[in-house]
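# A structural walkthrough
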Amino acid sequence: MYKVLILAKYFAPQQGIGSVRWTKIAKYLTKLGGYDISLLTETRNFYDKNSLIHLSKKDELLERDLKYISHCYEVRLNLLLKLYYTLRKRFQRSRKYGGPSTEVIHERPVTLAKKMKKEFYIFALDILDMLWAQNIVNFCKTMNLQAYDVIISSNGPFWSSIAAGRLKKENPKIVWIADFRDPYACEEDTPLSYQRHKRNLYKYCKNADVILRASSRMKTNTPSYVPRETITNGYDFEECLPPLKSDRFCIVYTGTMYPANNMKPVCRAIRELTAENRLDRNDISIDFFGEGGFMAEKQAAEEGVSEIFHDHGLVSRSAVLEKQRSAAILLQMSRNTRYQKIDWTGKMYEYMMMKKPVIYTLSGDVAYSYPSRHMNQLGGCCYETCRDSETFPYLKSYILQKYEEWKAQGYTSVTRDESYVLQYSYAEIAKKMDAVIQRHLNKDEMHERDICNCAGI
């Protein structure tokens, strides 16, 4: 029986796409047998609006999977963290959400004052990572870490990697798997914070046994001598729901909207098709579920379709899955740049599970992205801003085709490569993760045997 300790902020029962990855991998590793998995995380707040800790929503679907975790350790705030969160709650107020927010990270400041504000904000988050890492390491002194075979750190936030690096240094026999769900040094950093983050990656990840990344195209900026492997996100087939008919042609987006996301091509296609009398606007609805809906609403208004746009805000994941199953088309948005080349995003795997037509819009300056090359295997449509003249006509015809199908039979269908989709089931991904763990555990055992042989033991 291998004992595994996962260091992660995002994990069941906390709602969010970041929580799904290791909750599901841990679930299916346990189902494979031979694993005893524990979680070490920050203290979380699900009930108290007045708490220093930001109020999180519970995901009742993920909460069911906690039965596959043998122990869950939540580390409480120490004095320095209490002071940090008190100051944050007082001074770092969101303009949009009425509470502490990270929205400034996604801004692209032009003026010197705004650039300095962003740099200060990221530096403050880096301080928070250091405070949490020290708090986690101190807590681990009360645990028997020698009993664990593997530590898995899930980035972000980066405190998990800092803490794991220190724990690995103190316990060199433990295999440390440093997982990057998202890059740490990335395009959204300022020039100063980008260089600082690169130095941190080298400093704290140099002792990792293996670097995991959610995409083979992800640039981790970790030391080149540490081996890298790819373990993608996926979907849990046990959560799959059969499609439902709907009395409206609903284009549904679920997730968080970012400034670089582009919903305008979909709105423009609907506006043009209704102007050509090929779509009845009374049949159409664009439904947004998640955070940042004000940005999508603004784009819909700019394209003259604000009356069919509906912002439902943040809802539970079970409610989201219900909305997805009655959608005519599922919408996903991202960007593809020379700094950050995109694969499938976490939400796309959930869409795969729903067996629905998908439209993927990509902003950015790099054409022929991974989604554009593989969308045909999902029976979907990919629009790229940098190829507007080529991809917009196809997007427009795709919407019309699915509308006519919905008009004729009350639902839409999709023809796709099921073998391609199957590889992203978390049951399959856990098998790949098991192989990674076994490979590095066996490597350490072989290394120990070699040392003993050289010493003549």
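The following refers to the structure shown. These numbers were taken from a predicted model, which means no experiment stands behind them.

### Quick word on the overall build of the protein
Each helix and strand counted, the protein has 14 helices and 13 strands in total. Expected size for 457 residues packed as a compact globule is a radius of gyration near 23 Å; at 23 Å, the protein falls within 12% of this value. With respect to the principal axes defined by its C-alpha atoms, the protein has extents near 85 × 50 × 40 Å. The contacts of the protein with a sequence gap of at least 6 include a subset with a gap of at least 24, amounting to 74%. Here the protein has roughly 20,700 Å² of accessible surface; of this, 54% comes from carbon and sulfur atoms. Within the protein, one finds 68 positive and 54 negative side-chain charges whose respective centroids are separated by 4 Å.

### Points about the sheet that holds strand 1 (residues 2-7)
In spatial order, the strands read 3-2-1-4-5-6-7; together these seven strands make up an open sheet with parallel pairing. One side of each edge strand has no neighbouring strand; the edge strands of this open sheet are strand 3 (71-75) and strand 7 (228-230). Averaged over all pairs of adjacent strands, the angle between their axes in this sheet comes to 20 degrees, without regard to strand direction. Against the sheet, helix 1 (residues 17-32) contacts strand 1, strand 2 (35-42), strand 4 (150-155), strand 5 (175-180) and strand 6 (210-213), and its axis sits at roughly 160 degrees relative to strand 2. Packing against the sheet, helix 5 (residues 159-170) makes contact with strand 1, strand 2, strand 4 and strand 5, and its axis sits at approximately 155 degrees to strand 4.

### A few points about the environment of Glu-42
On the secondary structure map, Glu-42 appears in strand 2. According to the relative accessible area criterion, Glu-42 is buried, its value standing at 6%. Separated by 33 residues in sequence, Glu-42 and Lys-9 place their C-alpha atoms 5.9 Å apart. In contact with Glu-42, not counting residues within four places along its chain, are Lys-9, Glu-74, Val-75, Tyr-85, Trp-132, Pro-157 and Trp-159. A distance of 2.7 Å separates polar atoms of two side chains, one belonging to Glu-42 and the other to Trp-159.

### Here we look at a nonpolar patch on the surface
Together, Leu-83, Leu-87 and Phe-91 give the surface a local cluster of nonpolar side chains, amounting to about 330 Å² of exposed area. Among the structural elements, Leu-83 can be located in helix 3 (residues 79-91).

### A few points about the state of the cysteines
If you walk through the whole model with that rule in mind, you get zero disulfides. Distance from the sulfur of Cys-205, which forms no disulfide, to the nearest cysteine sulfur (Cys-186) is 14 Å. Given the relative accessible area of 0%, Cys-205 is considered buried. Looking at Cys-381, it has no disulfide partner, and the nearest cysteine sulfur is the one in Cys-382, 7.2 Å off. With a relative accessible area of 0%, Cys-381 lands in the buried category.

### Some words on helix 12 (residues 388-409)
Helix length check: helix 12, at 22 residues, gives a terminal C-alpha distance of 31 Å against a target of 32 Å (1.5 Å per residue), a fit within 8%. Among the residues making up helix 12, those that are buried are Thr-391, Phe-392, Leu-395, Lys-396, Tyr-398, Ile-399, Leu-400, Lys-402, Tyr-403, Glu-405 and Trp-406. As for helix 12, its buried residues are in contact with strand 8 (249-254), helix 7 (264-275), strand 9 (284-289), strand 11 (329-335), strand 12 (358-363) and strand 13 (381-384). Immediately downstream of helix 12, the backbone of Gly-410 shows phi near 85 degrees, a positive value.

### Focus: the sheet that holds strand 8
With parallel pairing, six strands are arranged side by side in an open sheet as 10-9-8-11-12-13. The two strands at the open ends of the sheet, each matched to only one other strand, are strand 10 (309-311) and strand 13. Within the sheet, the average angular offset between the axes of one strand and its neighbour, ignoring direction, is 20 degrees. The sheet contact formed by strand 8 and strand 9 spans six bridges and is parallel. Residue pairing in the sheet places Val-252 in a bridge with Asp-287 of strand 9. Across the sheet, helix 8 (residues 293-302) lies against strand 9 and strand 10, angled at about 170 degrees from strand 10, the strand it touches most. Against the sheet, helix 10 (residues 346-354) makes contact with strand 8, strand 11 and strand 12, and its axis sits at roughly 160 degrees relative to strand 11, the strand it touches most.

Scoring rules and cut-offs
Every chain is numbered on its own, with residues counted from 1 as its sequence reads. A pLDDT threshold of at least 70 governs which residues receive local features in this predicted model, and a stricter bar of 80 or more applies before side-chain atom pairs are shown or counted, although totals over entire chains, interfaces and linings include all residues. Water and hydrogen atoms play no part in the side-chain values, which are based on all heavy atoms of the structure. Secondary structure counts use DSSP, requiring at least four H or I residues in a row for a helix and at least two E residues in a row for a strand, with both numbered from the N terminus. Values of the radius of gyration come from C-alpha atoms, whereas the globule rule sets the reference at 2.2 Å times the count of residues to the power 0.38. Contacts between residues were defined by any pair of non-hydrogen atoms, one from each residue, lying within 4.5 Å. Values of accessible area rely on a 1.4 Å probe in the Shrake-Rupley scheme; residue burial ignores everything except the protein chains shown. The charged-residue count follows a simple rule in which Lys and Arg add positive charge and Asp and Glu add negative charge, with His and chain termini not counted at all. Where a charge sits is defined by one atom per residue type, namely NZ (Lys), CZ (Arg), CG (Asp) or CD (Glu). Here, a strand pair is defined by DSSP locating no fewer than two bridges between the strands. Orientation is described by lines fitted to C-alpha atoms, with helices fitted over the stretch in contact, and by angles between N-to-C directions that extend from 0 to 180 degrees. Residue burial is assigned from relative accessible area. The probe radius is 1.4 Å, only protein chains are included, and a residue is buried under 20% of its type maximum, exposed over 50%, and partly exposed in between. Polar contacts here mean pairs of N or O atoms no more than 3.5 Å apart (in protein, one a potential hydrogen donor and the other a potential acceptor; neighbouring residues in sequence count only if both atoms are side-chain atoms). Patches here: salt-bridge-free residues with over 30% relative accessible area, like charges joined within 9 Å, nonpolar side chains (Val, Leu, Ile, Met, Phe, Trp, Tyr) joined within 5 Å. What makes a salt bridge here is a side-chain nitrogen of Lys or Arg within 4 Å of a carboxyl oxygen of Asp or Glu, nothing more. The criterion for a disulfide is a pair of cysteine sulfur atoms lying within 2.5 Å. A helix is expected to span 1.5 Å for every residue after the first.

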